[in-house]
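# Descriptive structure summary
Each chain, letter by letter, is given below.
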Amino acid sequence: MAFLLDDDQRQIVREAERLLADNFSPDRLRDLLERTGSHDQVFWTACRDMGWTAITIAEEYGGLDLGPVELCLTAQVAGRFVAGAPFLSTSFGASEALRRHATPEVRARLLPGLAAGETIGAVHLSAALDADATPQLRDGALHGALGPVAAGLQAGLLVTLAHDVATETDVMVLAELDARTRRAPVQTFDNSRGYADLAFEGAPASILTTADARKAALDLLAGVAVVVAFEQLGVAEACLERARAFANERQAFGQPIGKFQAIKHRVAEIYVATELARGTALSAVLALRDNADDLVIRAGAARLCAIEASELAAREAIQTHGAIGVTWEHDLHLYYRRSRALALELCAAGRWEDVVAERLVAHHARDLTA
Amino acid sequence: MSALSPELEAFRARVVAFMDPHVAEFGQAARLGLSLDDDVALARRWQATKAAAGFAGLTFPVEYGGAGLSQIEQVLFVEEEAARGFPSAYFVISLSMPIPMVLRYATPEQKARFVPPALRGEQMWSQLFSEPSTGSDLAAVRTRAVRDGGDWILSGQKVWTTFAQYSDYGVIVARSDPDAPKHRGLTYFFVDLKAPGVTVRPIRQLHGAEEFNEVFFDDVRIPDAWRLGEVGAGFRLAVETLMIERYTAAADETGFGPPLDALVALAQETQLNGRPASQDGRVRSVIARAFATQQALSAIHEKSVLELAAGREPGPEGSIHKLVGARGRREVAICALDLMGADGLRFDAAAHLRPKTDFAMSWMDQPTLRIAGGTDEMLLNTVAERILGLPQDYRPDKASR
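Treat the numbers as computed from the prediction; the structure is a model and nothing was measured. (Residues numbered from 1 in each chain as written. Chains lettered and ligands numbered in written order. Predicted model: local features only at pLDDT ≥ 70, side-chain atom pairs only at ≥ 80, totals over all residues.)

### A word on the interface of chain A and chain B
Between chain A and chain B, the contact holds 37 residues from the first and 40 residues from the second. Listed by contribution, the elements that provide at least two residues to the side of chain A that touches chain B are α7 (213-249), β9 (255-256), α8 (261-289), α9 (295-321) and α11 (349-369) of chain A. The biggest single contributor to the side of chain A that touches chain B is α8(A), with 13 residues. Across the side of chain A that touches chain B, the residue classes tally to 19 nonpolar, 10 polar and eight charged. (Contact = placed C-beta atoms within 7 Å. Helix = DSSP H or I, 4+ residues; strand = E, 2+ residues; numbered from the N terminus. Nonpolar A, V, L, I, M, F, W, Y, C, P; charged D, E, K, R; others polar.)

Next comes the structure, spelled out in structure tokens:
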């Protein structure tokens, strides 16, 4: 599956590039690294002003009713500029859960806030991929702990798996985070992501789905992973561009270092990985847009290639730069940190390898019995 | 936003309707166990069948036996051909490099004489560029072309010439002016490979099969009328030959190896530490990553098809296909052989025609894949220089220019 961007989509990309380039301040991002629990308010204000928070939400709830393609293109541009907050993807997770599973009344109450960016959403769905104990749901209230959760510090809504004490089954729940949830900021190597450990002390929570909650959670996780894959693609593109430019400019031994094959091949390998990531990401976002049956495996492929490309690009861009690349003042460590943070945030590569391989094996087994 | 036009879908339906009745005669199953000679003979019959139905030379002018269509139809056709395992590979070089150059530079009489038999599979053409001391460095050829009245006398040696033993003609680049700078002293001709003085000697490759050849020219006389382009323009025409099909239909995402399904099946049948190997993390990693790579190549291919269908030049990312595919083949083949353990040692030397069904042969053929048609290193250079705009390597051979 593939597609070409139409004029409207290209326009969205151009506008996002212009705006984020104008607002890009590596100094501000560096400053955030030294503060736990802050995010880049300039970036987030830009997202809200541009209506990016509303892209995938239906018009009746104050949204733009565009598809995930438009959100992903925006996330890709945000990745290029080391988005100063994680909310585009985390809020998408919450609004998407509401769209898929909530009643019209709940949607009408909560989606407008997400569309306007007044409410921030978060997801914690790693339990979809392993059998970890989940928080407990008792009498409409959540108990237990989770973390670190991206945007956990700022989120008003959280979607996660919980163990429903009444039915003794796992359910996917929507928790409203108020004073009954304690949030502890977590110091990490990428501090602008709003990471927090959450302790639920009776947070009000409603069940989004009981039937096959784990599958529903994985479908949702896959959708968020597609958006994040585009953000990772943006990280890879930015690092590729910086490595390319430096290899052209920097002179050593009487010539641009890009003339040496050791350098030019390294930069070419970043390009190769980036194009593979782009291919799988495009394929996955179509599956997301079309609610395709194979969304999870396509998202898994996109996630694997996006992790590979963004991490390779960040580390090899640093290597291409030599010593200046490992200084605090240079921007590349922002990308290096972000590439690892995004690799960890939505379940690490090994989990996704299992997701993809399990589906191929099961598919093969079905063919045998068919 | 994504689907092909109704006209193209109708074309694809016509292709499918044409091909399906021929699967029994030409498909993958029919080719199992054939010798190279027999497979080539089958390929000639398939080419003739296509020509009779109007499907040979889809992009070539109608007056020379082609169908006068565009590259998008060609890509769709090759996708369907590859899906059925038809023997089309033997004519790929013939019809995508030498014959298009004949169509561009030869006289109308020459085109009328040479193009139709090539399309019908009656004659095969080779590309004679590489020499023993010059592979990637194309401009360094030493084969001489010396003017003799209205003729040229060719002498020298070419090498790595794919399927020359089955070929009737070839395009060749030779040094016509030894005193000119390296890139300006070459001239481009076509040549009769059955002429007196031409000796074709197959080269046995590491897997035992003979797909490449050495071709010796001992005072081979060719008329000046068989020169293509100006005297001294040979390097430019040689590069043009290699650039003709910037987007060749890359319909095989497995890097030309056995399908990933075969590895999955093997992993389920094989026990590792008391459970199916398909549950082992190392094996799952290989399977998952190979799938991801195939997804990526497939998406890149489909995007190129859409660009062609929209009348645009495909993006340059298609050029990574061979590099990535060859790497994928290595990972998948080695994982499969490892799972077989000592049984992986079993080797059928006659399987060289089917690296797509045989893991040992796929592994055996992998080093060739990394080199043939542009080495990994040259492909990375191309990506870096042509796509990313990095400077050329240090090139002392160009210093005098």
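### Observations concerning the nonpolar core
If you look at the biggest cluster of nonpolar residues, it comprises 172 residues, and the most contacted ones within it are A:Val226, A:Cys239, A:Ala313 and B:Ile287. For this core, the element with the most residues is α7(A), which contributes 23 residues. A:Val226 has contacts with A:Pro68, A:Cys72, A:Ala284, A:Val285, A:Leu288, A:Ala299 and A:Ala302, leaving out every residue within four places of it along the chain. Among the nonpolar cores identified, the runner-up in size contains 63 residues, and B:Phe91, B:Ala164, B:Tyr166 and B:Leu193 belong to it. (Core = buried A, V, L, I, M, F, W, Y, C linked by C-beta atoms within 7 Å. Buried ≥ 20, exposed ≤ 12 C-beta atoms within 10 Å, placed from the backbone.)

### Topic: the packing of helix α5 (residues 87-101) of chain A against α7(A)
All names here are of chain A. Across the interface, α5 lies against α7 with an axial gap of 10 Å and an inter-helix angle of 145°. Viewed along their axes, α5 and α7 form a crossing whose handedness is right-handed. Counted together, Ser89, Phe92, Gly93, Glu96, Ala97 and His101 of α5 and Ala216, Leu220, Gly223, Val224, Val227, Val228 and Glu231 of α7 form the full contact between these two elements. A breakdown of the residues in the contact of α5 with α7 according to their chemical character gives seven nonpolar, four polar and two charged. (Axes fitted to C-alpha atoms, helices over the stretch in contact; angles between N-to-C directions. Left-handed = near helix turned anticlockwise from the far one by under 90°.)

### Concerning α7(A)
Across its 37 residues, α7(A) extends 54 Å between first and last C-alpha, which sits within 8% of the 54 Å expected from 1.5 Å per residue. Extensive coverage of α7(A) is indicated by the burial of 31 of its 37 residues. (Expected span 1.5 Å × (residues − 1).)

### A look at the confidence of the model for chain B
Averaged over chain B, the pLDDT score is 90; the fraction of residues at 70 or greater is 94%. Predicted complex, confidence summary: ipTM 0.95, pTM 0.92. (pLDDT = per-residue confidence, 0-100.)

### Quick look at unusual backbone geometry
Residue and element names in this part refer to chain A. For the peptide bond that leads from Gly147 to Pro148, omega is -5°, which places it in the cis range. Note that Pro148 resides in strand β3 (residues 141-149). Not every positive phi belongs to a glycine, and Ala151 is a case in point at roughly 65°. Along the polypeptide, Ala151 turns up in the loop between β3 and β4 (157-164). We classify Ala151 as buried; it has 26 C-beta atoms within 10 Å. Backbone geometry places Phe253, a non-glycine residue, at a positive phi of 55°. Its location among the elements puts Phe253 in the loop between β8 (251-252) and β9. Overall, the presence of 8 C-beta atoms within 10 Å leaves Phe253 in the exposed class.

### Things to note about the domain arrangement of chain A
All names here are of chain A. Along its sequence, chain A is organised into domain 1 (7-116), domain 2 (121-212) and domain 3 (215-364). Once you take the C-alpha centre of each, domain 1 and domain 2 turn out to be 21 Å apart. Those elements that provide at least two residues to the side of domain 1 that touches domain 2 are α2 (26-33), α5 and α6 (104-116). For the side of domain 1 that touches domain 2, the element with the most residues is α5, which contributes eight residues. (Domains from an automatic or database assignment.)

### Quick notes on the domain arrangement of chain B
Residue and element names in this part refer to chain B. Taken domain by domain, chain B comprises domain 1 (6-92 + 107-122), domain 2 (126-243) and domain 3 (260-392). Each of domain 1 and domain 2 has a C-alpha centre, and these two points are 27 Å apart. Between domain 1 and domain 2, the contact holds four residues from the first and four residues from the second. Partitioning the side of domain 1 that touches domain 2 into residue classes produces four nonpolar, no polar and no charged.

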